[in-house]
Amino acid sequence: MSGSRILSLGHYQPSRVVTNDEIAQLVETNDEWIRDRVGIVSRRIAGDETVADMAAAAADKALANSGLTAADIDLVVVATCTSVDRSPNVACRVAAKLGIAAPAAFDVNTACSGFAYALGTVDHAIRAGAARNAIVIGAEKLSEFTDWTDRSTCIIFADGAGAAVVTAAAEDEAPGIGPVVWGSVPERGDAVRIEGWRPYVAQEGQTVFRWATTALAPLALQACERAGVDPSELAAFVPHQANTRIIDGIAKRLNIPQAIIAKDIVESGNTSAASIPLALSKLVERREVPSGAPVLLFGFGGGLTYAGQVIRCP
Ligand SMILES: CC(C)(COP(=O)(O)OP(=O)(O)OC[C@H]1O[C@@H](n2cnc3c(N)ncnc32)[C@H](O)[C@@H]1OP(=O)(O)O)[C@@H](O)C(=O)NCCC(=O)NCCS
């Protein structure tokens, strides 16, 4: 197989909007500090929806936008670190909800870099001939793993899902998903974590901040190089939506003034593995990036893990 490409996207967000002022009623913080230090104005927090419900809703939209049907899908991969159930995995639940009969179905857990890991894995499966049409989803319900008395985390995390339908590229077609650059820094695994039996997200904010703003830009540039795309050609940069200061710091080092820099965090918060497909789906829905234009995705987070690739916009 010559490669794969993203055919369509879809996303789902819970209807409940939670403002910074509401968070300030729970912990000692304020709207100005959160806007200034993190960049979030509001976020979406789920009610009864499970991770699988949100994942299926996003996948359903992506499938509707693709021109394919459930019968065409032979692989479902869900990136998530907030599924409460150990088994069945979220991918199987999504397949059941969407009536996808017999797909290969598995979850990927690399926290906030999960979507780029899952997209890389799906691209490899299609290249190897192990799948032809896949749905890859990032979905998180971080509100269930948030200590709402901890102001260092409860201001940041949120809920949502984004999905992409990925298909085999034609033999004479250039690949629409570039080689993934992926890796981890296991010795700093504790810098962002959800541990134990009654887990809450915990983090060493400054460690993550320093790592993200110093180590990641060269890796993102590697993803461009491996795809044969000069950074000056990028139409958009869609990094994990962790913090607007981190996003700006990486973008500055990439030197891509021509590119749209996704800042969905402002109204969606940090939705971990969901943040990249959510932000990308919204850019495409608003027709801000032309079809076929190169877009750099780059995820990073718990583990510490990272992954990114250049894709062609559907
Ligand atoms: C978490 C983060 C926003 C904290 O910002 P920071 O600039 O590092 O803030 P600090 O922890 O140094 O705290 C600075 C001051 O603000 C205070 N503060 C911390 N959290 C606050 C809050 N929510 N509201 C108001 N004040 C707060 C601190 O007590 C400290 O006060 P002091 O100077 O009087 O001691 C920032 O470190 C960050 O975004 N890191 C990356 C985290 C991340 O992206 N995690 C997800 C990875 S996927």
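Model, not experiment: these values are computed from the prediction. (Residues numbered from 1 in each chain as written. Predicted model: local features only at pLDDT ≥ 70, side-chain atom pairs only at ≥ 80, totals over all residues. Heavy atoms only, no water.)

### Some thoughts on the nonpolar core
Taken as a class, soluble globular proteins show a tendency for nonpolar side chains to be buried jointly.
Point 1. Residues Leu216, Leu296 and Phe300 are the most contacted members of the largest nonpolar core, which totals 46 residues.
Point 2. Broken down by secondary-structure element, the contributors of at least two residues to this core are helix H6 (205-227), helix H7 (244-254), strand E13 (294-301) and strand E14 (305-312).
Point 3. The biggest single contributor to this core is H6, with nine residues.
Point 4. Both domains that meet at this core, namely domain 1 (4-168) and domain 2 (181-312), each give it at least three residues.
Point 5. Excluding residues within four positions of it along the chain, Phe300 makes contact with Cys112, Ser113, Trp211, Ala212, Leu216, His240, Ala242, Ile246, Ile250, Thr305 and Tyr306.
Point 6. One finds Leu75, Ala118, Leu119 and Ala164 within the second-largest nonpolar core, a separate group that totals 38 residues. (Core = buried A, V, L, I, M, F, W, Y, C linked by side-chain atoms within 4.5 Å. Buried < 20%, exposed > 50% of the residue type's maximum accessible area, 1.4 Å probe, protein only. Helix = DSSP H or I, 4+ residues; strand = E, 2+ residues; numbered from the N terminus. Domains from an automatic or database assignment. Contact = heavy atoms within 4.5 Å.)

### Let's talk about the packing of aromatic side chains
Point 1. For the structure on display, the rule yields three aromatic pairs.
Point 2. Ring geometry for Trp211 against Phe300: centres 6.4 Å apart, planes inclined by 75°, an arrangement best described as edge-to-face. Of this pair, Trp211 sits in helix H6 while Phe300 sits in strand E13, placing them 89 residues apart in sequence.
Point 3. Judged by relative accessible area, Trp211 falls into the buried class, the value being 5%. (Phe/Tyr/Trp six-rings, centres within 6.5 Å; stacked < 30°, edge-to-face > 60°.)

### Structural notes on the site of the ligand
Point 1. Within the structure, the ligand sits among 21 residues, and Thr29, Arg151, Gln203, Gln206 and Asn243 are positioned closest to it.
Point 2. A distance of 2.7 Å is found between an oxygen atom of the ligand and a side-chain nitrogen or oxygen belonging to Arg151.
Point 3. Between the ligand and Arg245, the relevant distance is 3.5 Å, taken from an oxygen atom to a side-chain nitrogen or oxygen of the residue.
Point 4. For the ligand, whose unbound accessible area comes to 950 Å², protein coverage reaches 71%.
Point 5. Elements represented by at least two residues in the shell around the ligand include exactly helix H2 (31-37), H6, H7 and E13.
Point 6. It is H6 that contributes the most residues to the shell around the ligand, four residues altogether.
Point 7. Counted by class, the shell around the ligand contains nine nonpolar, eight polar and four charged residues.
Point 8. Two domains each put at least three residues into the shell around the ligand: domain 1 (4-168) and domain 2 (181-312). (Near = heavy atom within 4 Å. Polar contact = N/O pair within 3.5 Å; in protein donor to acceptor, adjacent residues only side chain to side chain. Areas by Shrake-Rupley, 256 points an atom, 1.4 Å probe, with all protein chains shown as cover. Nonpolar A, V, L, I, M, F, W, Y, C, P; charged D, E, K, R; others polar.)

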